[in-house]
Each structure stands twice: as C-alpha cells, then as structure tokens.
Amino acid sequence: MRFHSLAKILLGFLALLIAVGLGISFKLDGPVWARAGDPQRSAGVMTVFNRSFTAFETPAEGLNKAELDRHIETDPLFEESHVPLVGHLGAGLGPTHNAKSCASCHILNGRGKPIAGQSLFRVAMRDGGGVEPVPGIGFQLQDKAIYGHRPEANVERVWMEEGGLRRLQSRFSRPDGKDLTNETVARSLRIAPPMIGMGLLEAIPESDLLAHADPDDQDGDGISGRPVWVEDHDGKRRMGRFGWKAISASVLQQSANAYRDDMGLTTATGPDSEIAADGKPADISWEKLDGVTYYTQTLGAPATAKKASSSVVSRGSILFDQLQCASCHVPSQRTGINPGAVAMALNEQRIWPYTDLLLHDMGPGLDDGVAEEGLSLSSEWRTAPLWGLGMAKRVNRKVGFLHDGRARTVEEAILWHGGEAAQSRQDYENLSNKKKRQLLAWLDQL
Amino acid sequence: MKGIFRIPAAAKKGTLRCAHLFIGYFSLVIFHNEPIHSFLMKRISRLVPLLGAAALSATIASACSPQSEAAPTDQEVSSALVNDVVLPSYKTLVGATEKLNKALEKLVDDPTSANLDAARAEWKAARKTWERTETWAYGPAETDDFDPNLDDWPVSTKELAEALSEKDFTADKFDDLDTTGRGFHGIEYVLFGGGDKPVEAADLTTQQLAYLKVAGADLEKNAKGLLAAWSGPEGFGKADVEADPAKTVNDILEGMSGCLDEVANGKLGGALEAGKGELESTFSGNTGADVVSNLTGVQVAWEKSRLQALAQDKDSELANQLTEELNSAISKAKALPARLNDKLDDQATREQVKELMAAIMQVVDTTGALQGKLE
C-alpha cells in the first residue's frame, strides 16, 4: 500500500515539474533580451515603484540610511532659486543665463517643454560645419539676463506644421537691433532631458559601451554608433554620456557645465578651493557642486507599468526587436563594480535604459547645423534612453520628445527617425495599425 | 537571433490543456491517497466551526459598521478633488488677490498708515488662501510656471534694490525682473520691509508704491491663470485628473506627503539650520501661519476629496491614524509663536519646531503606509 501511494506522489511531482517546465518554455515568446533578468526593474535595485507625478523625484531604492539621508539633504540644491549677489561683477546668478535653478527646466526632474525657461539654444556659425562659436555669444545663447543687463538675444519661437509633424523656426534679435539670421547662425533647441538613472548610466563600464560601437559599420547592419571623447573635469579623457549629444563624461562635469552655461554660476575648481576657474570667488562651492552631483547620481528610474510576463511586453518587445530599434536603443546594460561608488546600489546592476549611449546619424530631418565644437557631426545624436518614456507626460503634461521637443507624441518621434534609423522608420510605417498600437503600448509602459 | 524561440499561437493552447491535466492528476493523487486524505479530513473537521464563526462575525461586523453610505469610488474621489477641493480653492485665491490688489491700489493713491495696515492684512489673507493649495500644486502650478510666478523664493534683493532706486518704476521694469523679484514675496519685501523694523507708510518711496501697484495686478493675473488652467473641458481638472481616476488617489497621497515633507524638512528644518533668513515669509513674520495653512490644505485634500472615506473602507485603522496624526500636527503648528523669525534663536521655540517636524513626518510615514495598502 505504502509504495503505491509514494509512487503516486512522485508521479504527481513529476507532472508538476513538466507543467512548470512547459509553462516556462511557452513564455519564450519574446526576444532574447527580455528573458535575462527582469525588465520591469529598469534600474535594478534602484528601481522606484512609483508611476505618479513624483516618480522622477523619488530617491532610488536600495540606498542605505546614510546614503538616503545625504540624498534628502542635497535635494534642495536642485530646486534652489539663484539670485545675483552683491560682490564682484557677475557674482551669483548671471548676468546672462537661461534659468535660475535646475528644477525650473527639469520640471519635477523630468523633461522641459520647448518654451522659454524650460529649454535653451545651443548655437554655432554655419560656416565651417557648425563647429565655430558665435562671436560675442559662444556655443549657447543666453536669453535671460538679470536686472540692468540685456540677454544675448531675444528669441521668438514659431512652430511650423508639415505633414502631421512640426518644426521650429526661431528668430534671434540682438539688443543692438540686428538679427542673427538662420543662414549665418545655426541653432539647436534643447529641452531639459529627464534626470532619471544618471548614476547608473555613469556606472556602465566604458568597455561595454565601446564594444557596441561600430563607426565604420563593419558588420554591415546599417548601424554605425560611435563614441564621443571628452576631457572630464579631472583632465582625463573619457567617453561622453550625458546631454543630447553626449558632451559630458560624468555627472559632476555635466552639473558644473550646467551651472556655468545655463545659470551663469561659477563653481569651485576643487575640494580645497573657494575660487572658480576665472580666479574670482566661486558662486557655487565645491560642497554644493558635489552635493548636487550626489543628488543626481542617487535618483532611480521608475519600474515599467507592466510585468515582463505580460502580453503587452512580449508583443511590443518583439516588434521593437524586429524593427531593429534595439540596435541603438540597446535594451539592457550592466553597471560595473566601483569600490568608490557614491552608493553601493550603483554597483553590479542589470539595468534597462534602452540606449547604447553612442552617437548615431539620424538624418537630415534632425540635422540642425550645430556640431558641438566638433565632438560630433550636426546630424549625429546620442541614443536617448527610453526608460521612463511613458511617464514623460505624466510628470509634465505638455512635453514633447526628441532634443527640441518637436515630437508631440512618441509616434511623431519615431517618424522623425532618419539616417541610420531610416529603415526602422520605414518598417514602422509599414506595420499594420494593430501592430503599431502594440509597439506604442509597450513604449508607453516604460 | 530574432524571434527564434517564438512558438506558434496554436501551441499556446497546450499550456491550458497541460494545466488541466496536471490539476486533475494532482487532485486524484491527493484524494485517493489514504494517508493524505485522512490527514486533511481531520484538519477540515476542526476548522469548520471556526470558519462558521468567522463568517458569522464578518457578516455582523459589516452590517453594523458605522458607514452610513457606500465608500466612494476612484471616479468620485477624482471628481470631488477637482470640483470640491481644487477649483473652489483657486476661486478663493483669485478673490483674495483681487482684494489685495484693491488694497494696494488704495495704498498707492493714499499712502497712510491705516492703508498700509489694511494692505498688509490683505496680503496675509491672500497668503493663507495660496498656502492652502500647496498639496495640489502638481499640475499647472508646477508645470505651467504659476508657482514660481506667484511664490518664488528667495527674493532677489539686489535686483529689486536696483530697480527701485531708478527714477521711475514702470511695468516694463517689472517685466525685466525675474520671478524672484515678483509675486507674494516681492510684494511682501516692499510692503513689510526687508529689515528688522517694519517700514512706515511715510517712508514708502514713489518707486516702491509704483512697484506695489504693478505687482498686485500681476499676482491677480497669475491667480486667474492658474484657475483657468484647471477649469473647463480642456483644463487639467477634466482632461487629466478626472480622465484618469485610478491615478488620482495615489496622486493625492503623493501631493499630501510632498507638501508635508517640504514643510517639515524644507520650511522648518531648513530655517532651523540656516537661521531666520531662510524662513519663507520672513519679512512679514508669517511663516507660522503659512505652515498652518499648508497643513490645513493637506487636511482639506484628505477629507473633502472623500479620500478619507475611501481609505476608511479599505483600512479604517490606518485611515483613522492618519486623521489623528494630521490633527495633532495642525494643533502643534497653531501653537507656534506668532512671529517665528523673532524666536528662532530661542531654545524652547527650537524644541517646539522640532516636535512639530517630528509630528509632520509621522503623518508622512502613515501616508506612505496607506499608499501601500491602497495600491
């Protein structure tokens, strides 16, 4: 009797194993990258399970008490409204600038709208390929000034509709009454990009990113991503990762540049200095610069709306793969091991930012003539991370997508893809409406 | 590499068949197996009276619960937030800025002490109506720049001093000022004076009076803009909040804890650390009143949106805890000394502020716990 019962139990268990095994195999519906790890945890242990308007402002999960305390302590630096100070000329905010606080453009830590105060223009002389600075202005137009000063130019922005998409026309008039014409001065509107997962992007080993680069398209797949090389704040040569055209290598450098170029605030040259690069007392102490850098590095990224096993994810991600979107918007990366990392949670994470952080030629439609001092061509753009994409409008209702916010919807953004992405765009346009909706639904739950 | 593991759709039905077979087999194994069968039967026979008692008490409890009405749905909370909380609050704000504007105009026409006092009183009244709305400042207040235009901080005293020292103060000069030279605090700075002693009516310069006139009108304009942004079929109220009720409940809780956190750590904590210059509304000594208004706004959002009723239905213990803790924090806030900035160096006051901060953070924790329950 006993042996008979035992056999039945064992057979039952075997049936259980087979059923589970078959269940797993039936889930192998999606592309390979959706099976390793959990794409719902877009930022690994730092994933924030919050898809409300505060999603981007929430401190990352996985921080220990000391790290979380420091994050909360440094949070106000990002929202601090700066003002001009009594002291040497230019002390404090400005005199010319684009904004007076980080948060005024990075609305709720998300994108800015393409309007004055939430976006800015990078500029260059058209002659010579867009690498020369504009006399008296440089590489960025500051359209605001403190009281008693004039901005570098006044800007008029007009959106021109063309075939369901729109393009910006801008007019720059200088204080002396003369215009900076479109023919002579190339201008590239840049909305503030979202602040999520910055520490994690910084922690991806350079070698991993370079391994994906293929500047001469040696594998003949039509994709030729290439790295940007910049001099980091410590003088070392590193791969650029931040900004629409990847012109900063580190969060610290990006923050210092933003203080200087976007707000006219000088930063201390080092931890033991109170002086800025221009020899005058620094507007922003090293402590504050370090603080705002820390705050940024310890922001997480939101979990996807759907679990990885949902049909929305399996259907959408198959299409993402088929259309070759994943060739540039590489779905998953890993972060390295850095004993000096500001937070332990940054180390050894599998993350899902959907970017290779490389430059790609996006075609003439997105070419605005600004080549960022020769670090890239005017038609090249860093692959934008797609994590949190579905949250963009939740956080800031009327934002747009792409570098200048021209795309009012994710679909419009896809339709602007050209150059290396032209085939993918064509393939998207050839999809049935049903399949388009499936892809967009998956993107919307990121 | 692409799609090599894709299984034809027809085979998916196999999973279901497999599951059915498995469940069937497992049941057979359990119930035809003598030792397992008798084991379960013994347990079940003991459980039956317990289960019966539980079912009975649950029925009695639900029948006798203090709910006189059914708990509100997400849709109802979302509608109540827009129509019973937000829109009325912004209408009140507009009304208050209109009154302030009138009082400022009267002061400018006739700068007497009495008119100055009246204008200051209207500023405080208008301030109260604004600070109440902090909890729902997500949306157009944040994303359409109404918040900075109404309430930026700190005041850019250098720029204001420069602008007001020039011969004539005009609307154009006002436009040249950044938001740190306008709004509630710009007006406050001029109306109450930026020093330790409040300014006298007779000392107000023509430029300062001109400033007050333009600034008052600008404040009213922005208040009206904010109301408009939430109103109508395309407004944030209908097109965003009511259109997506599932998210409203969480958004309100986020708004509540965001406001509470800012009050505790930003307004109070920041000032404890850096001194009275850091106190928002330091010129008028109004910070304590601001805090009471902020907390009252949290309470209004909690109760009037019927979120409290919804939460009570899901977890009455946590909901009641939140209500009690919030009441306690409001009481503590009301007990703060009238002019907080005068007392910030006083040890007893500092202790009082710290206690208030702790009380507020407790509400934040409970709100977080409730969010977890309501997900």
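Rules behind the numbers
Position numbers for residues start from 1 in each chain and track the written sequence from start to end. Written order decides the labels, with chains lettered from A and ligands numbered from 1. Per-residue local features are limited, in this predicted model, to residues with pLDDT of at least 70; the limit for side-chain atom pairs, both in listing and counting, is 80 or more; totals at the level of whole chains, interfaces and linings are taken over all residues. Put simply, DSSP marks the helices as runs of H or I at least four residues long and the strands as runs of E at least two long, and each gets a number from the N terminus on. In this scheme the burial state of a residue depends on its C-beta neighbours within 10 Å: 20 or more other such atoms mean buried, 12 or fewer mean exposed, and anything in between means partly exposed; the C-beta positions come from the backbone. By definition, residue pairs are in contact when their C-beta atoms, positioned from the backbone, come within 7 Å. For this measure, only C-alpha atoms enter the radius of gyration; the expected value for a globule follows 2.2 Å times N^0.38, where N is the number of residues. Marked domain ranges trace back to an automatic or database domain assignment. Under the scheme applied here, ten amino acids are nonpolar (Ala, Val, Leu, Ile, Met, Phe, Trp, Tyr, Cys and Pro), four are charged (Asp, Glu, Lys and Arg), and all others, including Gly, are polar. Two strands pair if DSSP finds at least two bridges between them. Here a helix's expected span is defined as the number of its residues, less one, multiplied by 1.5 Å. Each axis is a line fitted through C-alpha atoms, taken for helices only over the stretch in contact, and angles between the N-to-C directions span 0 to 180 degrees. Each crossing gets its handedness from the near helix: less than a right angle anticlockwise from the far helix is left-handed, clockwise is right-handed. Among buried residues, those of type Ala, Val, Leu, Ile, Met, Phe, Trp, Tyr and Cys that are joined through C-beta atoms within 7 Å form a set called a nonpolar core.

S.K.: In this structure, what is going on with the overall build of chain B? I would like to understand it.
M.R.: Check the secondary structure of chain B and you find 17 helices and zero strands. For chain B, with 375 residues in total, the buried portion stands at 42%. Excluding contacts between residues fewer than 6 apart, the proportion of contacts in chain B whose partners are at least 24 apart in sequence is 83%.

S.K.: Could you clarify how one ought to interpret the overall build of chain A in this entry?
M.R.: Counting its secondary structure elements, chain A contains 12 helices and 16 strands. Relative to the 2.2 N^0.38 estimate, which gives 22 Å for 446 residues, the radius of gyration of chain A is 24 Å and therefore close to what a compact globule would have. Along the first, second and third principal axes, the C-alpha set of chain A runs to 100 × 50 × 40 Å. For chain A, with 446 residues in total, the buried portion stands at 48%. Expressed as a percentage of contacts within chain A between residues at least 6 apart in sequence, the contacts between residues at least 24 apart total 63%.

S.K.: I tried to follow the domain arrangement of chain B on my own but got confused; where do I start?
M.R.: Quoted interface sizes are often the accessible area lost when the parts come together. Residue and element names in this part refer to chain B. The domain architecture assigned to chain B consists of domain 1 (91-234) and domain 2 (244-375). Each of domain 1 and domain 2 has a C-alpha centre, and the two are 25 Å apart. Taken together, the 17 residues of domain 1 in the interface contact 18 residues of domain 2. Going through the elements one at a time, helix H4 (113-131) and helix H9 (183-192) are the ones with two or more residues in the side of domain 1 that touches domain 2. The element contributing the most residues to the side of domain 1 that touches domain 2 is H4, with five residues. Considered class by class, the residues forming the side of domain 1 that touches domain 2 number six nonpolar, four polar and seven charged.

S.K.: Is there a simple way to think about the pairing of strand E3 (residues 119-125) of chain A in this case?
M.R.: The side chains of a regular strand alternate between the sheet's two faces. Residues and elements named next belong to chain A. Of all seven residues in E3, six are buried, a share of seventy percent or more. As defined by bridge partners, E3 adjoins strand E4 (residues 140-141) across two bridges and the pair is classed as antiparallel. Bridge pairing in E4 places Phe121 opposite Leu141.

S.K.: Even after reading the chapter, I still don't get the sheet that holds strand E7 (residues 165-173) of chain A, so can you show me in this structure?
M.R.: Whether parallel or antiparallel, the strands of a sheet pair through hydrogen bonds between backbone atoms. All names here are of chain A. In space, the three strands of this open sheet follow the order E6-E7-E8, with antiparallel pairing throughout. Each end of this open sheet is capped by a strand with a single partner; those strands are strand E6 (154-162) and strand E8 (179-180). Two strands pair when backbone bridges link them, and E6 and E7 are joined in this way by nine bridges, in the antiparallel orientation. When the sheet's bridge partners are listed, Val158 is paired in E7 with Gln169.

S.K.: Mind showing me how you'd approach helix H8 (residues 311-322) of chain A here?
M.R.: For an α-helix the count is 3.6 residues per turn, leaving residues at separations of three or four pointing the same way. All names here are of chain A. The end-to-end C-alpha separation of H8 is 16 Å, in line with the 16 Å expected for 12 residues at 1.5 Å each. By the burial criterion, the buried members of H8 are Val313, Ser314, Gly316, Ser317, Ile318, Leu319, Phe320 and Asp321. Considering only its buried residues, H8 is in contact with helix H12 (433-444).

S.K.: Help me out: how do you make sense of the packing of H4 of chain B against helix H13 (residues 287-304) of chain B in this one?
M.R.: A packed helix pair is summarised by two numbers, namely the angle formed by the two axes and the spacing between the axes. All names here are of chain B. At their nearest, the axes of H4 and H13 sit 8 Å apart, and the two run at 35° to each other. The crossing of H4 and H13 is right-handed. Of the residues in H13, those touching H4 at Lys124, Arg127, Lys128 and Glu131 are Ala289, Asp290, Ser293, Asn294 and Gly297.

S.K.: Quick question: what am I supposed to make of the sheet that holds E4 of chain A here?
M.R.: All names here are of chain A. With antiparallel pairing, the three strands of this open sheet are ordered in space as E4-E3-E9. Both outer strands of the open sheet, E4 and strand E9 (185-191), are each paired with one neighbouring strand and no more. Strand direction decides the pairing type here: E3 and E9, joined by seven bridges, are antiparallel. Among the inter-strand pairings, Leu120 is bridged to a residue of E9, identified as Arg190.

S.K.: What is the right way to read the nonpolar core from this model?
M.R.: A general feature of soluble globular proteins is that nonpolar side chains tend to end up buried together. All names here are of chain B. Core analysis: the largest hydrophobic core is formed by 173 residues, its most contacted members being Leu212, Leu260, Ala329 and Ile360. Looking at which element gives the most residues to this core, the answer is helix H3 (residues 74-109), with 15 residues. Here this core gathers at least three residues from each of two domains, domain 1 (91-234) and domain 2 (244-375). Residues in contact with Ala329, not counting those within four places in the same chain, are Leu295, Leu356, Ala359, Ile360 and Val363.

S.K.: Would you take a moment to explain helix H7 (residues 286-297) of chain A for this structure?
M.R.: Residues and elements named next belong to chain A. Taking 1.5 Å per residue as the helical rise, H7 with its 12 residues ought to reach 16 Å, and the 16 Å between its terminal C-alpha atoms agrees with that figure. By the burial criterion, the buried members of H7 are Leu289, Gly291, Val292, Thr293, Tyr294, Tyr295, Thr296 and Gln297. Of the surrounding elements, those touching the buried residues of H7 are helix H2 (65-79), helix H4 (198-202) and helix H6 (251-263).

S.K.: Any chance you could explain the pairing of E7 of chain A here in plain terms?
M.R.: Residue and element names in this part refer to chain A. Linking E6 back to E7 in an antiparallel pair, the connection comprises two residues, with Gly163 at a positive phi of about 55°. As judged from the two bridges shared by E7 and E8, these two strands associate in the antiparallel manner. Counterpart to Phe172 in the pairing with E8 is Leu180. Once E7 ends, the chain turns through five residues before running back antiparallel as E8, passing Gly177 with a positive phi of about 95°.

S.K.: Just to check I follow, could you spell out the environment of Tyr211 of chain B for this structure?
M.R.: Residue and element names in this part refer to chain B. Position of Tyr211 among the secondary structure elements: in helix H10 (residues 206-230). With 29 C-beta atoms packed within 10 Å, Tyr211 lands in the buried category. Expressed as a C-alpha distance, the spacing of Tyr211 and Thr170, which sit 41 residues apart in the sequence, is 7.5 Å.

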